[in-house]
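These are the residues of each chain, in order.
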Amino acid sequence: MARIVMKFGGTSMAGIERIRLVARQVKREWQAGHQVAVVVSAMSGETDRLVNFCREASPLYDAREYDVVVASGEQVTTGLLAIALQAIGVPARSWLGWQLPIRTSEAHAAARIIDIDTAAMDESLARGEVAVIPGFQGQGADGRITTLGRGGSDTSAVAVAAAMKADRCDIYTDVDGVYTTDPRIVPRARKIPRITYEEMLELASVGAKVLQTRSVGLAMKERVRVQVLSSFGDPDLPPTPGTLVVGEDEIGDENVESQLITGIAYDRNEAKITLTAVPDRPGAVATIFAPLSEANINVDMIVQNVAHGTGSTDVTFTVPGAELARSIDVLEKAQATIGYAALVPNTEVCKISVVGVGMRSHAGVAATMFEALAARGINILAITTSEIKVSVLIHEDYTELAVRVLHTAYGLDAEDAA
Ligand code: ADP
Ligand code: ASP
Ligand code: MG
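As the structure is a prediction and not an experimental result, all values here were calculated from the model.

Mapped onto the present numbering, the UniProt feature "domain: ACT" (unreviewed entry) falls on residues 273–357. This span, residues 273–357, is 29% helix and 35% strand, and a straight line between its end C-alpha atoms measures 31 Å.

Next up, the structure:
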């Protein structure tokens, strides 16, 4: 007997027919004698619909009430899955975020899980009942409903797995594993059988939305064995193995060294801001980024040009697209202090990143990237690097082309599709 968490995403929960298939997948594991907790997302498209209602009601909505609205999508699928399980003879009950409870911070719309009390659920699991838990939601210290940020059901699943000391956390989704890049834009992408927490964390943080970044960070910290696999196989048969997210020790040296690049990701949700003619003096850059940081706006890429005797320089950086309006507001208020001439925003950008632990021991990764993009005439607007990642900002029209070109340049294309 194992204790397992099964998480099903939006596409897997989209409609009663799909939910019935999910119920059969859950029954398969339950019948094998496992204790099963299931974490579910809202039906695909539902959270977007609910977010839009809030925006329509008032562009400056109260985040606490936004959470009340958007958390409802998961409540519906939780109840429906419990009903579908009962209908096929599996004893099941729902445990809403406030019922377990899943305690979170009070950062509404972006709450962090603090702890999960699984005592009552454990008793229910021991009685052979399946627990169905809505992803994405929790309860703040003020007693009010919170949500964890978009894609947060992955984090709910990993947190539940850690709290109940589950043997594994299976993330069922609409692809059958983590690929070298998004298989929807590169058909030649290859499935990765095992990936390290570190690489998955980096890939997720630069846009590979197959797992929410925070879920990977939590899995790494709590050593939860995460597997990404398809929810679209025959529900009555054991699933095809997907991708295991594991520690570097489980991958083996050979793999880590020989594989230069593990994956490529893209992120269209960045916006670029250029401040022109910023005075070239010590402390000038601090006057830009201090007010942004006070406003909790994360700046990602930064490029500062060299001043050629003009006494001023342009500074370019990126912020999350959703924060562009707030960033402009903050920077316009600080214009006199910063002393820039003009603020030029641009949302037509995309960040492309290549990730791989092999970069630690190999030179030339960035050069290959720049050459491959240059050969296709793709202009680079900004660059950042970390120990295992190189990212470039380009015009969004070139997103697919850039990802495909880089996928080939790093030798990642699947052989049979070449
Ligand atoms: P769910 O609703 O199950 O949470 P998501 O839509 O959040 O599913 O994540 C799955 C999607 O992630 C896939 O449909 C795929 O388009 C996308 N994706 C992006 N990068 C990758 C990658 N490297 N490997 C697999 N899928 C990826
Ligand atoms: N339903 C939420 C979203 O769409 C959470 C999730 O599915 O992970 O962001
Ligand atoms: Mg998701």
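Our focus in this paragraph is the packing of helix 13 (residues 365–375) against helix 14 (residues 399–409). Taken N-terminus to C-terminus, the directions of helix 13 and helix 14 make an angle of 130°; their axes are 10 Å apart at the nearest point. It follows that helix 13 is oblique to helix 14 by the angle criterion. In this structure, helix 13 crosses over helix 14, and the sense of that crossing is right-handed. Counted together, Thr 368, Met 369, Ala 372 and Leu 373 of helix 13 and Ala 402, Val 405, Leu 406 and Ala 409 of helix 14 form the full contact between these two elements. Among the residues making up the contact of helix 13 with helix 14, the classes are represented as 7 nonpolar, 1 polar and no charged.

Close contacts around ligand 1 come from 16 residues, with Thr 173, Asp 174, Tyr 179, Asp 182 and Arg 184 the closest. Note that an oxygen atom of ligand 1 is positioned 3.1 Å from one of the side-chain N or O atoms of Lys 7. With respect to ligand 1, the side chain of Thr 173 contributes an N or O atom lying 2.6 Å from an oxygen atom. Here ligand 1, which alone exposes 580 Å², has 89% of that area covered by the protein.

Of all the residues in helix 13, the buried ones are Val 365, Met 369, Ala 372 and Leu 373. One face of helix 13 carries all of its buried residues, which in axial projection span an arc of 95°. Among the exposed residues of helix 13, those oriented more than 90 degrees off its buried face are Glu 371, Ala 374 and Ala 375. Residues of helix 13 that are buried sit in contact with strand 18 (349–355), strand 20 (389–395) and helix 14.

Turning our attention to the nonpolar core. Counting 40 residues, the largest nonpolar core has Val 5, Met 121, Ile 133, Val 160, Cys 169, Met 200 and Val 226 as the members making the most contacts within it. Going through the elements one at a time, strand 2 (35–40), helix 5 (119–126), strand 6 (130–134), helix 6 (153–163), strand 9 (168–173), helix 7 (197–205), helix 8 (213–222) and strand 11 (226–230) are the ones with two or more residues in this core. Sort the elements by how many residues they give to this core and helix 6 lands first, with 5 residues. Among the nonpolar cores identified, the runner-up in size contains 25 residues, and Ile 185, Tyr 266, Leu 373 and Tyr 410 belong to it.

All right, on to the site of ligand 2 then. Inspection of the region around ligand 2 gives Ser 41, Thr 47, Glu 74, Phe 136, Arg 150, Gly 151, Gly 152 and Ser 153 as its neighbouring residues. The contact in question runs from a nitrogen atom of ligand 2 to an N or O atom on the side chain of Glu 74, over 2.7 Å. A distance of 2.8 Å separates an oxygen atom of ligand 2 from a polar backbone atom of Gly 151. Summarising the interface, the protein chains cover 85% of the accessible area of ligand 2, which totals 260 Å² for the free molecule. Here the shell around ligand 2 is built from residues that sort into 1 nonpolar, 5 polar and 2 charged.

Attention shifts here to the packing of helix 6 against helix 8. One way to put it is that helix 6 packs onto helix 8 with a least axis distance of 8 Å and a crossing angle of 15°. On the basis of their axis angle, the class for helix 6 and helix 8 is roughly parallel. Handedness of the crossing formed by helix 6 with helix 8: left-handed. Counted together, Asp 154, Thr 155, Val 158, Ala 159 and Ala 162 of helix 6 and Arg 214, Ser 215, Leu 218, Ala 219 and Glu 222 of helix 8 form the full contact between these two elements. The residue inventory of the contact of helix 6 with helix 8, partitioned by class, reads 5 nonpolar, 2 polar and 3 charged.

Our focus in this paragraph is the packing of aromatic side chains. The geometry of an aromatic ring pair is captured by the separation of the ring centres together with the interplanar angle, meaning the angle of the planes. Tallied over the full model, the rule gives 3 aromatic pairs. Centroid distance Phe 8 to Tyr 172: 4.7 Å. Interplanar angle 15°. Geometry classified as stacked. With Phe 8 in strand 1 (residues 3–8) and Tyr 172 in strand 9, this residue pair connects regions lying 164 residues apart in the sequence. Taking relative accessible area as the criterion, Phe 8 reaches 0% and is therefore assigned buried. Judged by its relative accessible area of 0%, Tyr 172 is buried. Considering the side-chain rings of Tyr 61 and Tyr 66, the 5.2 Å spacing of their centres and the 10° angle between planes classify their relative orientation as stacked. One Lys or Arg, Arg 93, reaches over the ring of Trp 95 and ends 3.6 Å from the middle of that ring.

This brings us to the environment of Lys 272. Within the secondary structure, Lys 272 sits in strand 14 (residues 270–279). Among the residues examined, Lys 272 registers a relative accessible area of 14% and is labelled buried. Distance from Lys 272 to Gly 283, taken between C-alpha atoms, is 22 Å for residues 11 residues apart in sequence.

Rules used in this analysis
- Residues numbered from 1 in each chain as written.
- Chains lettered and ligands numbered in written order.
- Predicted model: local features only at pLDDT ≥ 70, side-chain atom pairs only at ≥ 80, totals over all residues.
- Heavy atoms only, no water.
- UniProt positions renumbered as here; feature names shortened; annotations may be inferred.
- Helix = DSSP H or I, 4+ residues; strand = E, 2+ residues; numbered from the N terminus.
- Axes fitted to C-alpha atoms, helices over the stretch in contact; angles between N-to-C directions.
- Parallel < 35°, antiparallel > 145°, perpendicular 65-115°, else oblique.
- Left-handed = near helix turned anticlockwise from the far one by under 90°.
- Contact = heavy atoms within 4.5 Å.
- Nonpolar A, V, L, I, M, F, W, Y, C, P; charged D, E, K, R; others polar.
- Near = heavy atom within 4 Å.
- Polar contact = N/O pair within 3.5 Å; in protein donor to acceptor, adjacent residues only side chain to side chain.
- Areas by Shrake-Rupley, 256 points an atom, 1.4 Å probe, with all protein chains shown as cover.
- Buried < 20%, exposed > 50% of the residue type's maximum accessible area, 1.4 Å probe, protein only.
- Arc of directions from axis to C-beta.
- Core = buried A, V, L, I, M, F, W, Y, C linked by side-chain atoms within 4.5 Å.
- Phe/Tyr/Trp six-rings, centres within 6.5 Å; stacked < 30°, edge-to-face > 60°.
- Lys NZ or Arg CZ within 6 Å of the ring centre and 35° of its normal.

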